[in-house]
Protein chains: 4
Amino acid sequence: MPMHRFPDHLLKGHANFMAGRYAREKDRIRDLASEGQKPSTMIIACCDSRAAPEMIFDAGPGELFVLRNVANLVPTYQPDAGQHGTSAAIEFAVKALGIANIVVMGHGRCGGIKAALDAKFSPLDEGDFIGKWMSMLGDLPEQLGQNTLLTDGERQRAMERISIRNSIRNLRTFPYVAELEAAGNLQVHGAWFDISTGELWVMDSDSGDFVRPEI
Amino acid sequence: MPMHRFPDHLLKGHANFMAGRYAREKDRIRDLASEGQKPSTMIIACCDSRAAPEMIFDAGPGELFVLRNVANLVPTYQPDAGQHGTSAAIEFAVKALGIANIVVMGHGRCGGIKAALDAKFSPLDEGDFIGKWMSMLGDLPEQLGQNTLLTDGERQRAMERISIRNSIRNLRTFPYVAELEAAGNLQVHGAWFDISTGELWVMDSDSGDFVRPEI
Amino acid sequence: MPMHRFPDHLLKGHANFMAGRYAREKDRIRDLASEGQKPSTMIIACCDSRAAPEMIFDAGPGELFVLRNVANLVPTYQPDAGQHGTSAAIEFAVKALGIANIVVMGHGRCGGIKAALDAKFSPLDEGDFIGKWMSMLGDLPEQLGQNTLLTDGERQRAMERISIRNSIRNLRTFPYVAELEAAGNLQVHGAWFDISTGELWVMDSDSGDFVRPEI
Amino acid sequence: MPMHRFPDHLLKGHANFMAGRYAREKDRIRDLASEGQKPSTMIIACCDSRAAPEMIFDAGPGELFVLRNVANLVPTYQPDAGQHGTSAAIEFAVKALGIANIVVMGHGRCGGIKAALDAKFSPLDEGDFIGKWMSMLGDLPEQLGQNTLLTDGERQRAMERISIRNSIRNLRTFPYVAELEAAGNLQVHGAWFDISTGELWVMDSDSGDFVRPEI
C-alpha cells in the first residue's frame, strides 16, 4: 500500500463547503446530526457523475436518502442468503426511515444502459460484473430489436425508460413496498433526467409515459 | 398502482436547479453530455441523506462518479454468477472510465453501522437484507467488545472507521485495483465525514489513522 | 553522593519567572502566601512533560490544585493501612480545601496507557512498578481486543478515554466525593488533551462521550 | 451522576492557551507530539496551587516530567504487590525516559507538612489518607520537638527541608537511581520554593544546606 496524499481537489472542495453551505446552515446541519435523519424521499439513481440527485433537485442535507448504482437498477425481492446492497437500502429506507416516496431516476446517455445494448461490453471483459449486473434487465434489450429505423439514440433512450419501469416493477415485488403503496402510505415514482438540457421528465403513474411536468 | 403526482418539493427543487446552476453552467453541462463523463475520482459513500459527496466536496457535474449503498461497504472480489452492484460500479469506474482515485467515505451516526453493532436489527426483522448486508463486516463488531467503559458513541465511531478500512482491504482484492495501485496509476483513499461539525477526516495511507488534513 | 550544581536551565528559567510573572503579579502572589490557597478546582493529570495543566488552562498561581501521576489514575477507595498518595491528595482537596470541581484529565500518546496496552512493558522489567500501577485498569485493555482493523493509535486513544471514565468511577467510590456530588456541592469532570493539536475535549457528563466544547 | 457543564474558567483559560502559547509554539508542540517527549529533568513537587513547577522554572512543553503529590514525598523502594504511584513515575522517568536530573522540590507553608506537624490532622479525620501518607516521614516530626523557642514558622520550614532530604534519601533506595547516580548519569537535587518572595533555594549536594544560588 503506497503512501499518498488525499486528493487536493477534494480538500479544496471541502474547504469551500465549510466556508459556504456549512457556515450558512450550521444550525440545521447540527440539528440533523443530533436528532437523526428523517428524509421523506428515497432516490434510486445512477453513479454517473453528471446526474447527482442533490444537484438535480437542489436538495440540502437531510432531504434525500440516495442509493446510487450503475443504471439505477432494482432487483426483484430475493430473500435468500445473498448480500443484496440495493435491497438492503430499500428495506432500510422503508422500514427504518419510513420513507413516503421512492423515485427511480434514470438519465440520458447512461453508460450502463449502453453496455446492456451493446453486443459486447467492451472495453469490459466477458464474464464481468457489469455484464451480470445489467443482465437484471433480462431479454428486454433484445426485445427492442435491432430495428435499423430506430436510431441508436432512440434505442438508448427507450431502454433507459424501459429500465426505469422495470425497476419500479421489481420494487413492487418487495412485500412491504406493495403493502404500503396499497395503503396509500408510500408512493413510487419514475423520473428521467436529460444531462444535456437539464430537463426532468417524470413518469405518469397511470400510463407509464414520461412527460415534462408543469409546475 | 394508484395515480399520484410527482412530489412537489422535487419539482420545485428542479426548477431552482434550472434557474440557478444550470443557467450558470449550461455550456459546461452540455459539453459534458456530448463529450462523455471523465471523472477522475470515484466516491463510495453511504445513502444517508446528510452525507452527499457532492455537498461535502462542493463538486459540480462531471467531477465525481458516486456509488452509494448502506454504510459504504465493498465486498471482496467474487467473480461468481451473482449480480454484484457494488462490484459492477467499481469495475465500470476502473476499467471503463479509468478513474485515478477511489475514496471510501464513511460518516458519523451511520444507521447501517448502528445496525451491525446492535444485537438485533430492530425495527427490522431477523433474516432481513440489512442484517445480511452488514454481515459483510464479519465478526468485526464482536471483536470491538462490549466494554462498558467504551460509550455507545465511541463504539459506533470506531466501527465506522474499521468498516472503511475493511472496505479498502476488500477493494484491494479486485485484481485490477491491486495492479493499477501497484503501478501507481490508481490511489485508494479513506475518509470519514462528521455530519455534525462538517469536518472531514482522512485516512493516513500509512498508519490507517484518521486525521483532519491541513490544507 | 557526588557534588554537582543545580541544573542551569532551571536556574535561568527561575530568573525569567522572577523578572516576568513574579514581578508583574507580586502583590497577588504574596497575598496568596499569607492568606492561604483557595483553589476552586483540582486537576488530576499525568506527569507527561507535554501536558501541564497550568499551561493547558493558562492558569496562574492559586488557581489549580494539581495531582500528577502516571496516566492520571485514581484508585478505588481503600481505607487500609497503605500509603495512598493519590487518595491523600483527593482527601486533602475535598476535605481540607473544599474544592468545587475535580477534573480528571488524560492526554494523547500517553506512555502509561501505551504500557498498559503493550503485552510487555518494555523497556521496563516484568514485575515493575509501572506494570502494577497500570494494573489498576484491570482487564479493560484486554476488553478492547486486538482487532487488526483498529489501528494502534485508535486503541491508544480509546484506552485513554476509557481510563478517564474508570478514574471517575473510582473517584465516586470515595464516600465524601459521592455525598458532596449528590448534594450539588462538588462536580466531577473528565477532559482529554490533544498534545498535538492543542485541543481540549471534555466529557459529556451524561453520555460519557468526549466532545470539543463550544465556548 | 448529575449533568453539568465543564467549568467556564477552564474553557476560557484553554482558549487563551490556544490563542497564545499554542499559536506561537505550534511547530514545536507538534514535533513534540510526533517525536515523543524527551525531557531531561523530572520534578517531584507538591500539589499546592501556588507551586507549579512550570511556573517556577518558566518551563515550556516537553521540558519537565512532573510528579505532584501532597508534600512531594518519595517512599522507599518497596517492590511488593502494592500499586505505588510515586515509584511508578520514578521508574518511568529513569528507565523509560532516561531522565538526567531529578529534583525534589518542596515549598513554604505546605499544608501536608503542617498536617504532619499538627498533633491532630484536623479538619481531617483520624485514620485518614493524609495521616497515613504523611506518616512516611516516620518520627521526624517528633524529633523536631515542641521546642517553644523554635517558632511555628521555623518548625514548619525546618520540616519542609527535612522532608526534602528524606525524599532524596528514599529515592536513593531505588537500585537504578543509585547505580545511575554512581555512574554519573543521573543527578539528584533538592529545591525549596518560597511561595511569598518567589525565591528558589537549592540544596547543596555536599552539605545538604539550602542556599540561594548565584547565577
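Residues numbered from 1 in each chain as written. Chains lettered and ligands numbered in written order. Predicted model: local features only at pLDDT ≥ 70, side-chain atom pairs only at ≥ 80, totals over all residues. Heavy atoms only, no water.

With an unreviewed UniProt entry as reference, chain A is termed Carbonic anhydrase, source organism Devosia oryziradicis. Quoted verbatim from the Catalytic activity (unreviewed entry) heading of the UniProt record, the comment on chain A is "hydrogencarbonate + H(+) = CO2 + H2O". (UniProt positions renumbered as here; feature names shortened; annotations may be inferred.)

The next subject is the overall build of chain A. Secondary structure assignment for chain A yields eight helices and six strands. The secondary structure elements of chain A, listed N-terminal to C-terminal, are α-β-α-β-α-β-α-α-α-α-α-β-β-β. With respect to the principal axes defined by its C-alpha atoms, chain A has extents near 55 × 50 × 45 Å. Within chain A, contacts between residues separated by at least 24 positions form 65% of all contacts whose residues are at least 6 apart in sequence. (Helix = DSSP H or I, 4+ residues; strand = E, 2+ residues; numbered from the N terminus. Contact = heavy atoms within 4.5 Å.)

Superposing chain D onto chain C takes a rotation of 180° combined with a translation of 0.0 Å along the rotation axis, leaving an RMSD of 0.1 Å. These values place the two chain copies in the arrangement generated by a two-fold rotation axis. Among all residues of chain D, the minimum C-alpha distance to the rotation axis is found for R68 of chain D, at 2.4 Å. A share of 100% of the interface residues of chain D reappears at the interface of chain C, consistent with the copies meeting face to face through the same patch. (Least-squares fit on C-alpha atoms with pLDDT ≥ 70 in both.)

The two chain copies are connected by a rotation around an axis plus a translation along it. Mapping chain C onto chain B leaves a residual RMSD of 0.0 Å; the transformation is a rotation of 180° accompanied by 0.0 Å of translation along its axis. Taken together, the interface assignments show that 100% of the residues at the interface of chain C recur at the interface of chain B, consistent with an identical surface on both copies.

Before going further, it helps to spend a moment on the interface of chain C and chain B. Taken together, the contact between chain C and chain B spans 25 residues of the former and 25 residues of the latter. Buried area between chain C and chain B, summed over both chains or domains, comes out near 1900 Å², and the portion from carbon and sulfur atoms is 48%. Applying the counting rule to chain C against chain B returns four salt bridges. Here E154 of chain B ties to R165 of chain C by a salt bridge, and the two come within 2.2 Å at their closest N and O atoms. (Buried area = accessible area lost by both parts, 1.4 Å probe. Salt bridge = Lys/Arg side-chain N within 4 Å of Asp/Glu carboxyl O.)

At the junction of the two partners, chain D supplies 103 residues and chain C supplies 103 residues. Taken together, the links from chain D to chain C amount to two salt bridges. Our enumeration of links across chain D and chain C arrives at 35 residue pairs in polar contact (both at pLDDT 80 or more). Of the residues in the side of chain D that touches chain C, the class split is 51 nonpolar, 31 polar and 21 charged. (Polar contact = N/O pair within 3.5 Å; in protein donor to acceptor, adjacent residues only side chain to side chain. Nonpolar A, V, L, I, M, F, W, Y, C, P; charged D, E, K, R; others polar.)

With that settled, the discussion passes to the packing of aromatic side chains. The final tally for this structure, using the stated rule, is 38 aromatic pairs over all chains. Seen in terms of ring centroids, F57 of chain A and F6 of chain B are 6.5 Å apart; in terms of plane orientation they differ by 35°. Their pairing is tilted. With F57 of chain A in the loop between α2 (53-56) and β2 (64-69) and F6 of chain B in the segment before α1 (8-35), this residue pair bridges two chains. Considered together, F57 of chain A and F6 of chain B belong to a single accessibility category, that of buried residues. Among the aromatic residues, those joined into a cluster by ring pairs are Y77, F174 and Y176 of chain A together with F129 of chain B. One Lys or Arg, R161 of chain A, reaches over the ring of W192 of chain A and ends 4.5 Å from the middle of that ring. We note K132 of chain C situated over the ring of F129 of chain C; from NZ or CZ to the ring centre the distance is 5.7 Å. (Phe/Tyr/Trp six-rings, centres within 6.5 Å; stacked < 30°, edge-to-face > 60°. Buried < 20%, exposed > 50% of the residue type's maximum accessible area, 1.4 Å probe, protein only. Lys NZ or Arg CZ within 6 Å of the ring centre and 35° of its normal.)

Each α-helix winds once per 3.6 residues, and so residues spaced three or four apart point in a common direction. In a regular helix each residue adds 1.5 Å, so 28 residues correspond to 40 Å; helix α1 (residues 8-35) of chain A covers only 33 Å between its end C-alpha atoms and thus falls short of that length. At K26 of chain A, α1 of chain A shows its maximal kink, close to 80°. Residues of α1 of chain A that are buried: L10, L11, G13, H14, F17, G20, Y22, I29, L32 and A33 of chain A. Considering only its buried residues, α1 of chain A is in contact with β1 (41-46), α2 (53-56), β2 (64-69), β3 (101-107), β4 (187-193) and β5 (200-203) of chain B. Positive backbone phi, at 95°, marks G36 of chain A, one or two positions downstream of α1 of chain A. (Expected span 1.5 Å × (residues − 1). Bend = angle between axes of the 7 residues up to and from the residue.)

A few words now on the pairing of strand β3 (residues 101-107) of chain C. Consecutive side chains of a regular strand alternate in pointing toward one face of the sheet and then the other. Residue and element names in this part refer to chain C. With seven of seven residues buried, β3 is to be regarded as a mostly interior element. Across the two faces of β3 the burial is the same, with N101, V103, M105 and H107 and I102, V104 and G106 all buried. Judged from the four bridges that link them, strand β1 (residues 41-46) and β3 form a sheet pairing that is parallel. Of the residues in β3, the one forming a bridge with I44 is V104. With seven bridges joining them, β3 and strand β4 (residues 187-193) adopt parallel strand pairing. Following the sheet pairing, G106 is matched in β4 by W192. (Pairing = 2+ DSSP bridges.)

Residue and element names in this part refer to chain A. Under the domain assignment, chain A is made up of domain 1 (1-36) and domain 2 (37-211). Distance between the C-alpha centres of domain 1 and domain 2: 28 Å. Across the contact, seven residues belong to domain 1 and seven residues belong to domain 2. Across the domain 1 to domain 2 interface the summed buried area is about 470 Å²; carbon plus sulfur atoms make up 50%. At the boundary of domain 1 and domain 2, one finds zero salt bridges. Counting across the interface, domain 1 meets domain 2 through one residue pair in polar contact (both at pLDDT 80 or more). Residues belonging to the side of domain 1 that touches domain 2 are distributed by class as follows: two nonpolar, one polar and four charged. (Domains from an automatic or database assignment.)

All names here are of chain A. Closest axis-to-axis distance for the helix α3 (residues 85-96)/helix α8 (residues 175-182) pair is 10 Å, and the angle between their directions is 40°. With respect to α8, the element α3 is oriented oblique. In this structure, α3 crosses over α8, and the sense of that crossing is left-handed. Residue-level inspection shows I90, E91, V94 and K95 of α3 in contact with α8, the latter providing Y176, V177 and L180. (Axes fitted to C-alpha atoms, helices over the stretch in contact; angles between N-to-C directions. Parallel < 35°, antiparallel > 145°, perpendicular 65-115°, else oblique. Left-handed = near helix turned anticlockwise from the far one by under 90°.)

Okay, unusual backbone geometry next. All names here are of chain B. You will see that N72, though not glycine, has its phi angle at about 45°, which is positive. Take N72: it is sitting in the loop between β2 and α3 (85-96). We classify N72 as buried; its relative accessible area is 2%.

Our next topic: the nonpolar core. Ranked by internal contacts, the top residues of the largest apolar core, which has 50 residues, are M42, F65, I90 and V177 of chain A together with M134 of chain B. A total of six residues in this core trace back to one element, the largest contributor, which is α3 of chain A. Membership of the second largest hydrophobic core comes to 49 residues, among which are F129 and L140 of chain C together with A88 and V188 of chain D. (Core = buried A, V, L, I, M, F, W, Y, C linked by side-chain atoms within 4.5 Å.)

Turning to helix α8 (residues 175-182) of chain B, its buried residues are Y176, V177 and E181 of chain B. End-on view of α8 of chain B: buried residues confined to an arc of 130°, all on one side of the axis. Exposed residues on α8 of chain B whose side chains face more than 90 degrees from its buried face are E179 and A182 of chain B. Next to the buried residues of α8 of chain B lie α5 (129-134) of chain A together with α3, α7 (152-171) and β4 of chain B. Note on α8 of chain B: the residue one or two positions beyond its end, G184 of chain B, has a positive phi of about 80°. (Arc of directions from axis to C-beta.)

Here we come to the pattern of salt bridges. Residues and elements named next belong to chain D. Counted by the stated rule, this structure contains 40 salt bridges over all chains. In this structure, the salt-bridge partner of R157 is D194, at a minimum N-O distance of 3.8 Å. Residue R157 is found in helix α7 (residues 152-171), and its partner D194 is found in the loop between β4 (187-193) and β5 (200-203); the two are separated by 37 residues along the sequence. R157 gets classed as partly exposed once you look at its relative accessible area, which sits at 34%. With a relative accessible area of 10%, D194 lands in the buried category.

Turning to the pairing of strand β4 (residues 187-193) of chain A, a few remarks are in order. All names here are of chain A. β4 sits mainly inside the fold: six of its seven residues count as buried. The pairing of β4 with strand β5 (residues 200-203) spans three bridges and is classified as antiparallel. Paired with F193 across the strands is L200, a residue of β5. Linkage of β4 to β5, two consecutive antiparallel strands, is achieved through a turn of six residues, within which G198 is found at a positive phi near 80°.

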